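Examination of the molecular architecture
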Amino acid sequence: EFQYQSLAGYYKGIHWHVGNGENIFCKEDIWVPLLFPDKPHLKEGHDTNITRVDATILSQNFEPADVEKIRAIPLSIFAREDRLVWHFEKSGIYSVRSGYWKSLWKTNVPSKLRIFLWLFCLERLPCKDLLHHRIQHIDPACSYCGGKESIDHIFFSCPHAISVWFNSPLQLRCSYLLSSTMMDKWTEVCNALSQESDSDSLIQLFAFLLWQIWKDRNVFTFNNMSKPAEESVSLAIRSRDDFREATSNHPLPSHQSEMDQQLLIHQSQLSWQPPPLDFVKLNFDAAWDKNSNSGATAVIVRDPSGSVIDWCCRSWVSISDPLQLESIACREALLFAKSRGFSRSIIEGDSLITVQACR
C-alpha cells in the first residue's frame, strides 16, 4: 500500500525533458518546466507530437501565454531521446528525500517544532556522538543508559524513548521500524499514520512526542532531572491538544500580525506551571526574522488558575540576532509588570541565557 502511495507521489513530480520530441504528446504530457505542473495550452484543432520547435510552429499551435515559456526550454544540439525527469531535483533523479521533504514543512505544528523536525530529519541535532567527532573530550555516552548517544539512539533506541513510544497512543514499536535514516523513519511512520481516520492529529502527536523526548534528554543531561515516560507522553498530548485548540477553536484578534499570533500560539502550547496564590506569571517570548532583521515580542499574564488576565505584543526592526530580541522581550515583560502594577509577579521565558543573565 505504501508503494502505491510512493508511486502516486512520484508521478505527480515528473515531467518530460525534451530531446528529439518523438515520445512527447503536446496535449497529454507535462513537458514545459516553467509551466509545471500544468500542461501547455494548444490551440483548437492541434494535437501533434513535437517534431521541431521554431517561432512559426509555436505561434500556430500554442496559446501566446505559453509560447515564451516553451521557447525557454534549452534544446540539445544532439539528437537525444526524450526522457522523464524528477522536477524537484537538479539532477532529475527521484529520491525519497526530495519526494517527501515538502510534506514535512506542511505538517501543522508550531514553527519552532517544524524547524526541530527539519534538524531531526537532517540528523543535525547536537547529540553527544556528533559533538564528540568535533570536540574529542566530550563524552559520547547517553546520560540515561550509557549507550552511544546518536540521533537514532536518543529517539528510538534509548530505554526512555522506547518507553515513551510504548506508553503513547501511537504504541510505536521502535524495533519494527525498517528505515535507517531519520528522514525515512519520519516518512515511514507518517505513511502508517496517514491511513488512520484522525491522521492529522496522530502525525501532530508523533511530532510533539519527538520534541518531548528531545526536551527530556536536554533537561536530564544539563539539570539531572528525569521524568517518567507516562508524564512525557502526557505533556506531549497536552501540548498537541493546546496547539490544536489555539489554532482551530479560538482564533486570535484580527488586528494582530501573523508573527504576533505565532508567538501567542507558541506560548499557549508550552508546559506551564501556575504561580503561587496572590501572584501572577508573565511569560515572554520573541520571534526573529533573519531575512529582514525584524521580529516581534509578546507577553502573556496569567493568574494562579491559568486564566489570561492581560497581554501585550510589539514589533521591532533593526534586530541583529535572536538573543537581542529575547532580551528585549524580557525587558518588555518587566516594564509591563511595572506599568500594570503587578507587584507580586513571576517573569518566565524560554531563553536560558536571557534568564540567567537577569538573575
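Residues numbered from 1 in each chain as written. Predicted model: local features only at pLDDT ≥ 70, side-chain atom pairs only at ≥ 80, totals over all residues. Heavy atoms only, no water.

**Notes on the overall build of the protein**
Note the following rule: A run of DSSP states H or I qualifies as a helix once it reaches four residues; a run of E qualifies as a strand once it reaches two. Both are numbered from the N-terminal end. Burial classes: relative accessible area under 20% of the type maximum marks a residue as buried, over 50% as exposed, and values in between as partly exposed (1.4 Å probe, protein chains only). The criterion used for residue contact is that any of the two residues' heavy atoms lie within 4.5 Å. Accessible areas in this description were obtained via Shrake-Rupley with a 1.4 Å probe; residue shielding takes into account the shown protein chains only.
Helix and strand content of the protein: 14 helices and six strands. Counting over 359 residues, the protein shows a buried share of 40%. In the protein, 57% of the contacts between residues at least 6 apart in sequence involve partners at least 24 apart. Entry remark: accessible area of the protein is about 20,500 Å², with carbon and sulfur atoms responsible for 54%.

**Some points on a nonpolar patch on the surface**
For clarity, the threshold we go by: Within this analysis, patches are made of residues with over 30% relative accessible area and no salt bridge. Like charges are joined at 9 Å or less; nonpolar side chains (Val, Leu, Ile, Met, Phe, Trp, Tyr) at 5 Å or less. Counted as salt bridges are all cases of a side-chain nitrogen of Lys or Arg within 4 Å of a carboxyl oxygen of Asp or Glu.
Taken together, W105, I115, W118 and L122 make up a surface patch of nonpolar side chains, about 340 Å² in accessible area. Looking at the nonpolar patch element by element, the count peaks at three residues for helix α5 (residues 111-122). Relative to the helices and strands, L122 is located in helix α5.

**Some points on the confidence of the model for the protein**
The condition that has to hold: The predictor rates its confidence in each residue with pLDDT, a number between 0 and 100.
When pLDDT is averaged along the protein, the result is 78, and 75% of the positions lie at 70 or above. Long-range and interchain partners of residues 263-270, a stretch whose pLDDT sits below 50, account for 33 contacts in this model, where long-range means more than four residues apart.

**Some remarks on the sheet that holds strand β6 (residues 345-349)**
Where we set the bar: Pairing between strands requires that DSSP locate at least two bridges from one strand to the other. Axis definition: a line fit to C-alpha positions, over the contact stretch in the case of helices; interaxial angles, taken between N-to-C directions, run 0 to 180 degrees.
Judged by pairing direction, the sheet is mixed, and its four strands sit side by side in the order β5-β4-β3-β6 without closing on themselves. Strands at the two margins of the open sheet, each flanked by one partner only, are β5 (308-316) and β6. Strand-to-strand twist in this sheet, taken as the mean axis angle between neighbours without regard to direction, amounts to 15 degrees. Pairing of strand β3 (residues 280-289) with strand β4 (residues 294-302), which is carried by nine bridges, proceeds in the antiparallel orientation. Paired with L282 across the two strands is V301, which belongs to β4.

**Digging into the packing of helix α8 (residues 159-167) against helix α10 (residues 199-223)**
Rules: Roughly parallel means an angle under 35 degrees; roughly antiparallel, over 145; roughly perpendicular, 65 to 115; everything else is oblique. We call a crossing left-handed when the near helix sits turned anticlockwise from the far one by less than a right angle, and right-handed when that turn is clockwise. Asp, Glu, Lys and Arg are counted as charged, while Ala, Val, Leu, Ile, Met, Phe, Trp, Tyr, Cys and Pro are counted as nonpolar; the rest, among them Gly, fall into the polar class.
Between α8 and α10, the least distance of the axes is 11 Å, while the angle of their chain directions is 150 degrees. Judged on the interaxial angle alone, α10 and α8 are roughly antiparallel. Judged by the twist between their axes, the crossing of α8 over α10 is right-handed. Seen from α8, the contacting residues are H160, A161, V164 and W165; seen from α10, they are F206, L209, L210, I213 and D216. Class assignment of the residues belonging to the contact of α8 with α10 gives a composition of seven nonpolar, one polar and one charged.

**Thoughts on helix α13 (residues 322-340)**
This is how the line gets drawn: To estimate the expected span of a helix, count its residues, drop one, and scale the result by 1.5 Å.
Between its first and last C-alpha atoms α13 spans 27 Å; for 19 residues at 1.5 Å apiece the expected length is 27 Å, and the two agree. Phi turns positive one or two residues past the end of α13, at G341, with a value near 75 degrees.

**Here we look at the packing of α5 against α10**
Contact pair α5 / α10: the axes reach a minimum separation of 10 Å and the direction vectors enclose 75 degrees. Classified by the angle their axes make, α5 and α10 are roughly perpendicular. Here L113, F116, L117 and F120 of α5 come into contact with α10, specifically with A207, F208, L210, W211 and W214.

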